[in-house]
Amino acid sequence: MKQVVIHPERCVGCMQCMPACATAHSRTGQLFTAIMETPRPHSRVHVGAGLIGEGFPNRCRHCDPAPCQLACLPGAIFRDSQFDTVLIDPDKCINCASCAMACPFGVIRYHADTFAPPGKTVAVKCDNCIVRQEQGQIPACVEVCKSGALTFEEPAAALKRKTDAVARSISVGATIEPLPPGFGLLNAIKKVQVELRQARPPAAGF
Amino acid sequence: MRYVIIGNGVAGITTAETIRQYDPKGGITLIGDESAAPYCRPMISLVLEGAITPEKLPIRGSRFYDDLNIQAVLGNRVTDIDVEKRTVAVGGSSYGFDRLLIATGADPRPIKAEGAALGNISYMRNQDHVQTMLAGLRDARRALVLGGGLVGFKAAYGLLRRGLAVTMLIRSGYPLSMQVDEEAGMMIRDELVRHGLDVRVDIEAIAFEGNGRVRTAHLSDGSRLPCDIVVIGKGVLPALAFVPRDRIRTDLGIVVDGRMETSVAGIFAAGDVAEYVDIARNTPWVNAIWPEAVNQGRIAGLNMAGRRVTYPGSLSRNVIRIFDLDIMAGGVVDPPQDALYRTLVFNNANKKLYRKLVFQGDHLVGMVMVNGIEQGGLLLAAIQSRAQLKVPRETLLEPGLNYGRLLWRPAIA
């Protein structure tokens, strides 16, 4: 079963995955009509800024066993075995935020949603784009990611590639496969920006 | 292997499910006091407030016991455990076991007031209590809630939502004093008062009067208070009256080790009745909360079925949504005045945003959040993992907190 794999070192923080996700979870499925919808579609992948403002595409890991599923009071969170995906039933959800306490990654949001009963605030998170997958498409965030920070592949294959990379790096005469130089430059600029800001902090605090 | 589980709350049924997962053939007997299908206890307050119907309470289907091939013995409390003969006595019968789980939960702490047996005075611990309260609500106008803990607070909130005039008597200056710090507690109090709650501090009910049904409460300051429904929420105590204390080690709860095993081999305990180390306080503690009952049930089930799995300890935590406030708190929220602890606070009264973090050295040991609670799980996970912080402490206080900010990436740091 293919899963979305995150490569945070390749995220440039462009946030294109977010509107792609929101659109994929809208009623109309088109960006320009999706923004007019009520309730407004929200992204389920969240690009957060790290310590120097570097991007981190944060999404549900579909843990097994899933702490949110174990903590869910009304039993609204369940695992879809076909897609190995943790899902939330919006009809059963009571918006108690027990899952917010349980999720160690902070990927669950609470708002009205296209697929929930009208007007009801429910817990919402990544569903691995099951509807798209059933139509032969890959998850929307992966499709739109330009920098290779999100890939859709067999977890075993991804793991083997990383293991092989580690093995190569400790071999005789090994060279570490470098990231394309753009990533280093981008992060160097972001780091300098933070240092400049710290040297001359803005007047008002957060 | 013969398994006997005492208690059909969430700890008991999670244990039963876990055992069945790893031992398809073993005989499982589940003894429960409540005969209703397994249901979600924390949700009974939602039935009181009218947010859900009682049909939403069950957490497992009606065929749960049959599907897992569990012999269910419901409707009576266990009266005795014979540690030597390895039997449990209930309702005149006796059941032999190889592995026993005690998951009897907790009972409401009783009050001493005179007339406490009058009609319309009730605890709020199980489905039946809430049904009784709902029946008594029909012609009730004035409610009295004893205690400002989680139960008293939820009862008060539910009754306010039902349109009653509610008076709450509490010992400390603000509700939920065991769960949150003073700042958050006062925010909660103000929110409830704004919606009509009458809070009285440092006062107790000493007697009740009425003709079959409660009409008046006599308070410790000599005053009288008319009321036609009373809810007692003075906390809970582990339900272990039947446990032979000379054989099985008990403290406030039944003392267990990291595998949820008691001082007697083959006898386990889990849930509200069990006492194990609290991760944040680093001391034995009974954390009577739903998610810990589930965790402990899993660990007990695994070990009873022969898998050696240990539990790192429990953590007190709670999340509550009332009117316009979301509150999440966990671990040590009110540290002693001690050089060991360091506290960071962020407070924006206009936006009703409040955050407090308690550190012990490089470890986060406690948190309180009012509103903006979506990332609270990150902080609780940081407390639970006892991870040494690699980022500046202030990072955790920022409203823009996200998982990426907690990552230490040497390549760019």
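The rules behind these values
Residues numbered from 1 in each chain as written. Chains lettered and ligands numbered in written order. Predicted model: local features only at pLDDT ≥ 70, side-chain atom pairs only at ≥ 80, totals over all residues. Helix = DSSP H or I, 4+ residues; strand = E, 2+ residues; numbered from the N terminus. Rg over C-alpha atoms; globule rule 2.2 N^0.38 Å. Buried ≥ 20, exposed ≤ 12 C-beta atoms within 10 Å, placed from the backbone. Contact = placed C-beta atoms within 7 Å. Domains from an automatic or database assignment. Nonpolar A, V, L, I, M, F, W, Y, C, P; charged D, E, K, R; others polar. Pairing = 2+ DSSP bridges. Right-handed = clockwise from strand over helix to strand, strands pointing away.

Asker: Is there a simple way to explain the overall build of chain B in this structure?
Answerer: Regarding its fold elements, chain B presents nine helices and 26 strands. On C-alpha atoms alone, chain B measures out to a radius of gyration of 23 Å, which is about the 22 Å that the 2.2 N^0.38 rule sets for 413 residues. C-alpha extents for chain B along the principal axes are approximately 75 × 60 × 40 Å. In chain B, buried positions account for 46% of the 413 residues. For chain B, the proportion of contacts with a sequence separation of at least 24, taken over those separated by at least 6, is 64%.

Asker: How do you make sense of the interface of chain A and chain B when you look at a structure like this?
Answerer: When the parts of a complex come together, some accessible area is lost, and that lost area is often used as the size of the interface. In this complex, chain A contributes 30 residues to the contact, which on the side of chain B involves 36 residues. Top element by residues in the side of chain A that touches chain B is helix α4 (residues 98-102) of chain A. It accounts for four residues.

Asker: Honestly, the domain arrangement of chain B in this entry has me stumped. Any pointers?
Answerer: Residues and elements named next belong to chain B. For chain B, the domain assignment lists domain 1 (2-107 + 237-304), domain 2 (110-234) and domain 3 (332-406). Of note, the centres of domain 1 and domain 2, computed from C-alpha atoms alone, are 30 Å apart. On the side of domain 2, 13 residues touch domain 1, which itself brings 13 residues to the contact. When residues in the side of domain 1 that touches domain 2 are grouped by element, the largest group, five residues, is from helix α2 (residues 44-49). The residue inventory of the side of domain 1 that touches domain 2, partitioned by class, reads seven nonpolar, two polar and four charged.

Asker: Help me understand the pairing of strand β11 (residues 165-170) of chain B, please; the structure alone is not making it clear to me.
Answerer: Each regular strand carries side chains that alternate between the two faces of the sheet. Residue and element names in this part refer to chain B. Within β11, five of the six residues are buried, which leaves the element mostly enclosed by the surrounding structure. By the bridge criterion, five bridges tie strand β10 (residues 142-146) to β11 in an arrangement that is parallel. Bridging from a neighbouring strand, Arg142 pairs with Ala165 of β11. As a crossover connection, the stretch from β10 through helix α5 (residues 150-161) into β11 is right-handed. As paired strands, β11 and strand β12 (residues 198-201) are joined by four bridges and run parallel to one another. Residue pairing across strands places Met168 opposite Val199, the latter belonging to β12. Once you follow β11 into helix α6 (residues 182-194) and on to β12, the crossover reads as right-handed.

Asker: How should I be thinking about the domain arrangement of chain A in this particular structure?
Answerer: All names here are of chain A. Partitioning chain A into domains gives domain 1 (1-59 + 129-200) and domain 2 (61-125). When each unit is reduced to the centre of its C-alpha atoms, the spacing between domain 1 and domain 2 is 22 Å. Facing the 13 residues of domain 1 at the interface are 13 residues of domain 2. Partitioning the side of domain 1 that touches domain 2 into residue classes produces four nonpolar, six polar and three charged.

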